[in-house]
Amino acid sequence: VVGRVRGRAGALYRILAVTDPSSALGVCSERTGARGVAVGSGDHLAVRYVSNEADVQVGDVFVTSGEDGVFPPGLRVGTTAEAADGGDYLKRVRLDPSADLRDLAWVLALRRRA
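Computed from a predicted model, the values in this text were never measured in an experiment.

Attention shifts here to the sheet that holds strand 4 (residues 35-40). The 6 strands lie next to each other as 3-4-5-8-7-6, forming a closed barrel whose pairing is antiparallel. Taking each pair of neighbouring strands and ignoring which way they run, the sheet shows an average axis angle of 40°. Relative to strand 6 (residues 61-64), strand 3 (residues 24-29) is paired through 3 bridges, and the arrangement is antiparallel. Note that in strand 6 the partner of V27 across the bridge is T64.

Right, dumping it as structure tokens:
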């Protein structure tokens, strides 16, 4: 996942990158199903609302959960670069995005069925 369509001018679309601080999407771990909300943090994503008891490890792949109603489930979002006890009942999880957002030439836009 690169981001979501934010606007359109003719045949050109403006995309809000998943790493943008105003971006958020529902995600889950492919390995364990641990769920959270990935929020853009500049060059990475922070996964919020993951319990300290959840099994999340460095290297785990997170995909869209489909629960946000924006993205269909199963699209690759990122790989866990950090997973640590947050000290407040919630885990601190950082994802590196799956797509290299610095050097994009083309993206595929998915449309919802009417």
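Let's shift gears to the layout of surface pockets. The volume enclosed by the largest pocket comes to roughly 540 Å³. Lining the largest pocket we find 19 residues, and of these G3, F71, L108, A109 and L110 sit closest to its centre. Counted by class, the lining of the largest pocket contains 14 nonpolar, 1 polar and 4 charged residues.

About the thresholds
- Residues numbered from 1 in each chain as written.
- Predicted model: local features only at pLDDT ≥ 70, side-chain atom pairs only at ≥ 80, totals over all residues.
- Heavy atoms only, no water.
- Pairing = 2+ DSSP bridges.
- Helix = DSSP H or I, 4+ residues; strand = E, 2+ residues; numbered from the N terminus.
- Axes fitted to C-alpha atoms, helices over the stretch in contact; angles between N-to-C directions.
- 1 Å grid on protein atoms, 1.4 Å probe; cavity = no way out; pocket = protein on both sides within 12 Å on 5 of 7 lines; lining within 4 Å.
- Points joined across faces, edges and corners; volume = space filled by probe spheres on them.
- Nonpolar A, V, L, I, M, F, W, Y, C, P; charged D, E, K, R; others polar.

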